[in-house]
Amino acid sequence: MDNLSQYNEVFFEEAQEHLETMETLLLAYNIDSPDMEELNSVFRAAHSIKGGSDIFGFKALTGLTHVMENMLDSARNNELTLTTDLITVLLETTDVLKNILSCYREEAEIDWDIIEASKARLSATLQEVTGSNNQVHSPLDEEEDLGYGFFDDDDADTEEEQGFGFFEEDENDSEKDQGFGFFDEDDKEQEQDQDSKAIDEESLGYGFFEENNEMAKEAESLTTEPQPDANTEHTENIGYGFFNEEFNSPQKDAVTAQPAGLTSSTVAKPTPSSKASETKAEATSIRVETNKIDKLVNLVGELVITQSMLNLIGSEVPESIADKMQSALIELERNTREIQEAVMSVRMLPISFVFNRFPRLVRDLSTKLEKKINLVIEGGNTEIDKNLVEKISDPLLHLIRNSVDHGIELPAKRLEANKSETGIVMLSAAQKGGEIVITITDDGAGLNRERIIAKAVEKGISLPEPLSDSAVWQLIFEAGFSTAAEVTDVSGRGVGMDVVRRNIESLGGRIDISSTAGMGTVFTINLPLTLAILDGMTVEASDQVFIIPLVNIVESIQPVAEQIKHIKGKKLLWVRDEYWPLIDIGKTLGGSPNETNMETGIVVLVETSKQRFGLIIDSLLGQQQVVIKNLERHYRRVEGIAGATIMGDGSVALILDVDSITQFIKSDL
Amino acid sequence: MAILQQGNTSSMPAKEFLTFVLGDEAYALDIMTVKEIRGYEPATKIANAPSYIKGVINLRGDIVPIVDLRIKFNIGEATYNEWTIVIMLNVRDRVVGIVVDGVSDVMNLEAEDIKPAPEFGVAFDSRYLHGLAALEDQMVIIVDIEELISSDEIGVFESV
């Protein structure tokens with residue numbers, strides 16, 4: 001066991017993933033038209049956990065997953081129909097399993113009572129359902145006999161098998177369990193004796209039985225001690241295209257007498273598709289510690305800086321080697337960019353990693369609150385920086401809880417309001433330019449303007465002027481806005497909306513609300529794609545270099561005098577049938593006392609989610625990727641500045657925060 | 001930048017101080033806060049920062065603010081030439097550079113060598129001073145640099 005313990009962590013992670021798969025699939029399970037493939041996946045997940053836990057000696061997991069597996073097995077063999085209640089029981093079991101798993105992980109005491117209770121509950125449910133479902137068996141038997149007439153012939157040919165009387169009885173046990181040592185329980189469960197037939201049928205259904213049977217025969221004739229169970233087990237495996245390590249290893253233990261040739265020849269047989277998916281799965285994933293990746297990202301950041309330094313030097317080399325130097329530099333630049341993109345993509349994960357925990361949450365909450373809620377998830381494939389995945393999870397959790405608890409009304413109330421009884425909470429993610437936009441939409445009652453204002457006054461929060469809707473909605477993000485009176489079991493557990501906003505802002509994102517009374521509320525979160533690197537336009541204003549994030553830039557123009565209008569001494573630019581407020585970067589951020597000369601200056605038109613305006617600068621220097629360095633690490637937050645970066649010559653340039661520059665317009669006007 | 005090791009290191013409770021010059025006055029700070037000493041280089045200005053914050057520089061990948069104490073405390077003249085020195089300080093896990101006219105020495109001081117500072121006559125508020133010490137014939141003002149740099153008065157750190 002000691003030798004194995006070094007793999008414990010791998011097992012824990014895999015088991016965790018299997019549990020999550022199970023949960024996701026169970027939640028998605030359609031009771032009316034069950035998808036067999038999904039059910040099979042759930043079964044496989046349970047089976048893998050069982051197999052793995054047995055090897056590693058986590059008996060608590062093995063026992064419970066075994067019972068669970070039996071239930072799932074019956075379900076996939078059409079012996080029992082999964083009802084909502086059964087799904088709930090299964091979901092609760094996954095919870096218990098998660099619990100046990102974390103107990104093992106933290107080397108905490110295992111609560112066997114819970115396990116036994118959970119086991120008993122599963123068994124009882126199973127007994128109850130299968131007991132009343134006995135009629136189902138006969139059609140199955142018939143079907144088998146009728147549909148696979150050749151089976152008997154085939155069997156009859158197999159002289160060897162008849163020589164081993166144990167084959168028939170043993171088959172169903174060993175089929176799944178020989179490696180796991182669960183004969184006793186299994187026998188009880190399977191006294192109904194459906195398994196072997198069902199399995200046979202299934203195997204045939206996949207068209208593998210014949211071939212494998214022959215192979216098995218070969219094997220049997222080769223070995224002095226035939227292993228008919230190996231045949232069946234392989235058949236099942238192949239049928240599902242599933243050769244997992246945990247799956248295979250216990251089986252190997254069990255059938256040591258089996259010649260290696262059987263395994264390899266059997267393995268070589270699967271359909272191209274299952275084989276392909278197997279090899280693909282092996283080739284596409286490798287576990288790497290996060291800090292190794294972070295180190296890579298940092299190093300690439302430094303590489304990008306060095307590369308732009310080289311570019312600068314490259315322009316100064318003597319004529320004789322300038323051409324060679326240039327082509328080498330261009331090559332280097334391309335390689336650097338590709339390395340950078342590749343490294344960044346290593347850190348990217350689909351946002352479904354976060355989203356997948358919410359169906360369960362919504363299901364549980366809606367049951368608890370006696371609401372009917374349908375959670376719709378869109379854009380789960382949108383990729384997002386791993387660091388963001390971890391940090392966005394809590395704010396989203398809170399917002400969804402909020403939508404379910406406060407947003408969606410009770411069914412009766414919804415009917416009154418002429419809405420469908422079932423409320424919809426939609427969670428969507430999409431990439432827009434360099435940003436990820438996540439929205440949480442509910443079709444509930446909407447925010448109550450009067451109540452928010454009243455609450456704000458009561459809490460002594462100063463009201464914004466003018467009191468526009470969006471300004472009122474922002475009030476709920478004020479610290480101390482949520483009150484003890486609001487605390488329910490579901491939301492308001494001391495994590496206020498202010499924490500949500502703070503978390504999102506600390507990620508360089510922002511959150512906006514729009515809400516219509518009676519129609520619902522939409523929370524929109526904008527997040528940067530990555531926290532480390534930014535595509536920017538380098539510009540110069542009052543002898544200083546600034547970076548404007550490319551995402552914000554609409555276009556750059558050199559305005560003519562007629563386009564500049566003045567209102568109360570402030571400049572506006574008339575372009576594209578619109579008046580754009582102008583901000584003089586040299587004056588507001590460059591510390592220059594003089595206004596930029598508009599005759600030579602350039603206006604960069606930028607937009608944020610809230611506003612469009614123009615930035616007056618002296619000249620455009622170029623476009624480049626910059627590594628974002630935190631200004632707050634050694635200094636403090638500066639209005640209008642998102643961070644700093646190191647230029648090719650080693651000097652520091654400030655990155656503009658276009659969003660927060662908007663407030664200069666307000667204070668200016 | 002000749003830094004001379006002075007005194008014997010065997011005297012137990014003595015602390016080492018780096019002396020530096022602002023205008024005509026000699027100051028000293030706890031040498032344990034010093035990260036490195038380097039020549040002055042132009043810094044990138046920061047929007048709406050007070051005049052004594054010269055801006056930020058790149059210290060091997062870190063963006064570090066530079067404070068000119070001469071401007072802040074109105075001592076001497078804030079000129080920048082090849083002898084202008086920046087002392088990089090490690091204060092409360094952050095790095096801040098201070099511009100001085102020169103560094104002169106490292107001195108060992110025992111607790112009893114430091115005399116309380118008068119309430120007046122010194123550019124710094126007495127809150128930021130450990131006291132005064134005599135070095136040969138000269139008076140050295142011992143600055144509590146950690147207190148000073150992290151104070152709201154300098155405003156380099158976000159006020160909590």
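Residues numbered from 1 in each chain as written. Chains lettered and ligands numbered in written order. Predicted model: local features only at pLDDT ≥ 70, side-chain atom pairs only at ≥ 80, totals over all residues.

Focus: the sheet that holds strand β3 (residues 34–39) of chain B
All names here are of chain B. Note the cut-off: The pairing criterion is simple: DSSP has to find at least two bridges between the two strands. Helix numbering and strand numbering both begin at the N terminus, where a helix is a DSSP run of H or I of at least 4 residues and a strand a DSSP run of E of at least 2. Here an axis means a line fitted to C-alpha atoms, over the contact stretch when the element is a helix, while the angle between two N-to-C directions is reported on a 0 to 180 degree scale.
Spatial ordering of the open sheet is given by β3-β6-β7-β5-β4, a layout of five strands whose pairing is mixed. The sheet is open, and its two borders are formed by β3 and β4 (53–59), each paired with just one other strand. If you compare each strand with its neighbour and ignore which way they point, the axes differ by 30° on average. Bridge count for strand β6 (residues 85–91) against strand β7 (residues 94–100) is seven bridges, and the pairing is antiparallel.

Here's the deal with the sheet that holds strand β8 (residues 102–109) of chain B
All names here are of chain B. Pairing in this open sheet of five strands is mixed, and the strands run β8-β1-β2-β10-β9 from one edge to the other. Two strands in the sheet have a free side with no partner beyond their single neighbour: β8 and β9 (129–135). Between one strand and the next, the sheet's axes are offset by a mean angle of 30°, whatever the strand orientation. Of the pairings in the sheet, the one linking β9 to strand β10 (residues 138–143) comprises six bridges and is antiparallel in character. From the neighbouring strand, Leu135 faces β10, where its bridge partner is Gln138.

Describing the interface of chain A and chain B
To be explicit about the condition: Once C-beta atoms have been placed from the backbone, residue pairs whose C-beta atoms lie within 7 Å are recorded as contacts. Ten residue types, Ala, Val, Leu, Ile, Met, Phe, Trp, Tyr, Cys and Pro, are classed as nonpolar, four, Asp, Glu, Lys and Arg, as charged, and the remainder, Gly among them, as polar.
Every contact between the two is made by 24 residues of chain A and, on the other side, 19 residues of chain B. The set of elements that each furnish at least two residues to the side of chain A that touches chain B consists of β17 (641–646) and β18 (652–656) of chain A. Broken down by class, the residue content of the side of chain A that touches chain B amounts to ten nonpolar, eight polar and six charged.

A closer look at the environment of Lys45 of chain B
Let me state the cut-off plainly: Counting other C-beta atoms within 10 Å of a residue's own tells you its class, since 20 or more makes it buried, 12 or fewer makes it exposed, and anything in between is partly exposed; those C-beta atoms are placed from the backbone.
Looking at the secondary structure, you find Lys45 of chain B in the loop between β3 and β4. A tally of 20 C-beta atoms within 10 Å means that Lys45 of chain B is categorised as buried. Taking the C-alpha atoms as reference points, Lys45 of chain B and Gly55 of chain B, separated by ten residues in sequence, lie 4.2 Å from one another. Beyond its immediate chain neighbours, meaning those up to four positions away, Lys45 of chain B contacts Gln544, Gly590 and Gly591 of chain A together with Gly55 of chain B.

Structural notes on the nonpolar core
Nonpolar side chains tend toward joint burial in soluble globular proteins. Test applied: We call a set of buried Ala, Val, Leu, Ile, Met, Phe, Trp, Tyr and Cys residues a nonpolar core when their C-beta atoms link them within 7 Å. Where a domain begins and ends is set by an automatic assignment or by a domain database.
Counting 87 residues, the largest nonpolar core has Phe546, Ile548, Ile655 and Leu656 of chain A together with Val56 and Val143 of chain B as its most contacted members. Two domains each donate at least three residues to this core, and these are domain 3 (290–347) and domain 5 (533–668) of chain A. Not counting the four nearest positions on each side in its chain, Phe546 of chain A is found in contact with Val539, Ala541, Ile585, Leu589, Ala653, Leu654 and Leu656 of chain A.

Notes on helix α22 (residues 386–407) of chain A
This is how the line gets drawn: By this rule, a helix spans an expected 1.5 Å times one less than how many residues it contains.
In a regular helix each residue adds 1.5 Å, so 22 residues correspond to 32 Å; α22 of chain A covers 30 Å between its end C-alpha atoms and thus fits that length. Turning to α22 of chain A, its buried residues are Leu388, Ile392, Pro395, Leu396, Leu399, Ile400, Arg401, Asn402, Ser403, Val404, Asp405 and Gly407 of chain A.

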